[in-house]
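Analysis of the macromolecular model
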Amino acid sequence: MEIGEYPLQNEEIALEALKAAMEAYSNGRGEWPSMTTEERVLHVKKFIDKMNEQKDNVVISLMWEIGKSYDDSVKEFDRTIKYIIDTINEVIELDRNSSKFSIVDNYIAQIRRSPLGVVLSMGPYNYPLNETFTTLIPAIIMGNTTIVKPPRYGVLLYKYLLKAFQESFPPGVVNIIFGRGSDIIPPIMRTGNVNVLAFVGSSRSADLIRQQHPIPHRLRCVLGMDAKNPAIILKDADLDLTINECIEGTLSFNGQRCTAIKMIFVHDSIKNKFLEKFATAVDNIKIGMSWIKGIKITPIPDENRLKYFLEIIEDAKNNGARIINNNGGLNAYNFFYPTILYPVNKDMRIWTEEQFGPIIPITSFNNLEEPILYITNSNYGQQASIFGYNKEDIAYIIDALSNQVSRININSQCQRGPDVFPFTGRKDSAEGTLSVFDALRAFSIRTMVAAKSCDSNKNIIRNIVKNRESKFLSTEFIL
Ligand code: G3H
């Protein structure tokens, strides 16, 4: 059954979108970048109301197109609205803190954050709404103009938001383009007129896109990329809690999360008990269509991924792993049953490749240095989870990993939220940091007006401020 369609636009239309974004920015003198924060916030608030009117359409669209369960689709929508509201509050706070002068040595200065120009925002298929908006909204609210290229899957929801964007923002501020990334992104990048690339997806694609820019130092990149987050299960771990967290961590949205746990290290002394209980728990998971209440495993949107899952399982088996749960490896149409592979080793592709699906590789360890070495040698550096209670062991791992990954979770799965926390990574996992607070900084640059503190300069500043002659040089306070 056909659930929708979208246009495959070409280079010409892509360049038209860029032109519109550049005109709206007008070298920083366009209507949008010239507005005060307070004025821009009003537009974003209007957008929230219009977006909320489309909630049912967006949720159903997410559920049908990417196979996200109904409950998780609702969560993605609500989380996005909350992110926008939190961003509004944060930008107001930022503006209030900038509405003053600093007097240092013999200088008087006002320091604000200014937009950077045209932002190209590209989100991934697993969070096509949320992860696009966590870059798009801070980019807009800071005064940039934008081009949005939705992912290949998770694109249909944008149909329901086009009018909301059109009615909430001046022309050219948000330009949504549809089509194959390989057709429409390189022409835009090659012009050198994109100032910020905000991309969430594979590091390979991120590199291909950024390399098209002719003047790389003029391109700021905010990237969320690959990850292979490990869980380390210590000998005194609470097995019930660990299993629950590992099920959520490995299998939420079929394991299609950049933050998913993608490798499990379990201590030798408890491996048998863990494997048995974990395999039973995995085999009890409900699999079915995304609208069924309580469903966990749903269809995979891209059927090519199933071929890949079979390949990495076969490779692991050829190198000595076994599928240890009864339903492991079963698949039909776009469904793939969660598959636990044990014991995995460094000769297997699954050891280093990010599976981004319901395949769970497990290995055992005796010495804490084994999982630590794995993480140190890994190309990825996003997060890790530790399960257990021995505080010496936990402290030892924290100190070993705190310069390898960007978040260490104790007795809980890896995750991005709460969204006010910094979300970033090292190595191939990320560039830049996103959070409600950090994203406003990622899409802006500090700019200041400074003068020697003599009477004539003070008079200039005093008069400009008093007569409200400048939007930048101003002590207006948002109440
Ligand atoms: O796919 C990556 C997402 O940012 C993960 O977010 O941990 O809240 O699922 P999440």
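Residues numbered from 1 in each chain as written. Predicted model: local features only at pLDDT ≥ 70, side-chain atom pairs only at ≥ 80, totals over all residues. Heavy atoms only, no water.

Right, let's get into the overall build of the chain. Scanning the chain from terminus to terminus reveals 17 helices and 20 strands. What you see for the chain is a C-alpha radius of gyration of 25 Å, in line with the 23 Å of a compact globule of 479 residues. Seen through its principal axes, the chain has C-alpha atoms that stretch 80 × 55 × 40 Å. A separation threshold of at least 6 residues defines the contact pool for the chain, and within that pool the share at least 24 residues apart is 74%. In the structure as shown, the chain presents an accessible area of about 21,400 Å², 50% of it carried by carbon and sulfur atoms. Taking the average location of the 54 positive side-chain charges in the chain and that of its 55 negative ones, the two points are 4 Å from each other. (Helix = DSSP H or I, 4+ residues; strand = E, 2+ residues; numbered from the N terminus. Rg over C-alpha atoms; globule rule 2.2 N^0.38 Å. Contact = heavy atoms within 4.5 Å. Areas by Shrake-Rupley, 256 points an atom, 1.4 Å probe, with all protein chains shown as cover. Lys, Arg positive; Asp, Glu negative; His and termini not counted. Charge placed at Lys NZ, Arg CZ, Asp CG, Glu CD.)

The next subject is the domain arrangement of the chain. Along its sequence, the chain is organised into domain 1 (11-225 + 431-466) and domain 2 (229-417). Domain 1 and domain 2 are separated by 34 Å when their C-alpha centres are compared. Contact with domain 1, which involves 18 residues of that partner, is made by 15 residues of domain 2. Taken together, the two surfaces of domain 1 and domain 2 that pack against each other cover about 1,500 Å², and 51% of this comes from carbon and sulfur. (Domains from an automatic or database assignment. Buried area = accessible area lost by both parts, 1.4 Å probe.)

If you check the shell around the ligand, you find R79, N126, Y127, E131, R257, C258, T259, Q415, R416 and F423 and nothing else. R79 has a polar side-chain atom sitting 2.8 Å from an oxygen atom of the ligand. Separating an oxygen atom of the ligand from a side-chain N or O atom of E131 is a distance of 2.3 Å. Along the lines of polarity and charge, the residues of the shell around the ligand split into 3 nonpolar, 3 polar and 4 charged. Counting only domains with at least three residues in the shell around the ligand, you end up with domain 1 (11-225 + 431-466) and domain 2 (229-417). (Near = heavy atom within 4 Å. Polar contact = N/O pair within 3.5 Å; in protein donor to acceptor, adjacent residues only side chain to side chain. Nonpolar A, V, L, I, M, F, W, Y, C, P; charged D, E, K, R; others polar.)

Axis separation between helix α3 (residues 37-53) and helix α5 (residues 70-98) bottoms out at 11 Å; the angle between their running directions is 170 degrees. On the basis of the axis angle, α3 is roughly antiparallel to α5. Across from T37, V41, V44, K45, F47, I48, M51 and N52 in α3, the residues of α5 making contact are F77, T80, I81, I84, I85, I88, V91, I92 and D95. (Axes fitted to C-alpha atoms, helices over the stretch in contact; angles between N-to-C directions. Parallel < 35°, antiparallel > 145°, perpendicular 65-115°, else oblique.)

With that settled, consider the packing of aromatic side chains. Within this structure, the stated rule accounts for 15 aromatic pairs. Ring centres 6.1 Å apart and planes at 70 degrees place the aromatic pair F265 and W351 in the edge-to-face group. Linking F265 in strand β9 (residues 261-267) with W351 in helix α13 (residues 349-352), this pair joins segments that are 86 residues apart in sequence. Taken as a pair, F265 and W351 share a single burial class, namely buried. Feature note: the residues W32, F47, F133, F165 and F169 constitute an aromatic cluster, connected by ring pairs. (Phe/Tyr/Trp six-rings, centres within 6.5 Å; stacked < 30°, edge-to-face > 60°. Buried < 20%, exposed > 50% of the residue type's maximum accessible area, 1.4 Å probe, protein only.)

Counting across every chain of the model gives 24 salt bridges. Between E431 and R210 there is a salt bridge whose closest N-O contact spans 3.0 Å. With E431 in strand β19 (residues 430-431) and R210 in helix α9 (residues 203-210), this residue pair connects regions lying 221 residues apart in the sequence. When its relative accessible area of 30% is taken as the criterion, E431 is described as partly exposed. With a relative accessible area of 25%, R210 lands in the partly exposed category. In the salt-bridge network here, residues are joined through shared partners; they are R79, E131, R416 and D419. (Salt bridge = Lys/Arg side-chain N within 4 Å of Asp/Glu carboxyl O.)

What follows covers the side chain of S364. The residue S364 is located in strand β14 (residues 359-365) in this model. At 3.0 Å, the side chain of S364 and the side chain of D268 are in polar contact. When neighbours within four sequence positions are excluded, S364 is seen to be in contact with V266, D268, K271, Y342 and E370.

Sheet architecture is open: 6 strands sit in the order β5-β4-β3-β6-β7-β19, paired in mixed fashion. Sheet topology places β5 (174-176) and β19 at the edges, where each strand pairs with a single neighbour. Relative to strand β6 (residues 196-200), strand β3 (residues 118-122) runs parallel, the two being bridged by 4 bridges. When the bridges of β6 are listed, L120 appears paired with L197. Helix α6 (residues 130-141) contacts β3, β4 (145-148), β5 and β6 of the sheet and is inclined by roughly 160 degrees relative to β4. (Pairing = 2+ DSSP bridges.)

Moving on: helix α15 (residues 391-401). Every buried residue of α15 is accounted for by I394, I397 and L401. Buried residues of α15, seen end-on, are gathered within an arc of 65 degrees and therefore sit on one face of the element. Counted as exposed and oriented over 90 degrees from the buried face of α15: K391, E392 and D399. As for α15, its buried residues are in contact with β8 (229-233), α14 (369-377), β16 (383-387) and β17 (407-410). Between a side-chain oxygen at the N-terminus of α15 and the backbone nitrogen of E392 the separation is 2.9 Å; the capping residue is N390. (Arc of directions from axis to C-beta.)

Bringing the pairing of β3 into the picture now. Burial of β3 is extensive: 5 of the 5 residues sit out of reach of the surface. Residues V118, L120 and M122 line one face of β3 and the alternating positions V119 and S121 line the opposite face, and both faces are buried. In the sheet, β3 pairs with β4 via 4 bridges, with the strands oriented parallel. The residue bridging V119 from the neighbouring strand is T146, located in β4. One crossover worth recording links β3 to the parallel β4 by way of α6, and it is right-handed. (Right-handed = clockwise from strand over helix to strand, strands pointing away.)

Attention now moves to the environment of Q413. The residue Q413 is located in the loop between β17 and β18 (426-427) in this model. Q413 sits in the buried class, given a relative accessible area of 10%. Considering only alpha carbons, one finds Q413 and F165, 248 residues apart in sequence, at a separation of 35 Å. Once residues within four sequence positions are removed from consideration, Q413 is found in contact with E245, E248, G249, R257, I261, S385 and F387. A polar contact is formed between the side chain of Q413 and the side chain of R257, at a distance of 3.1 Å.

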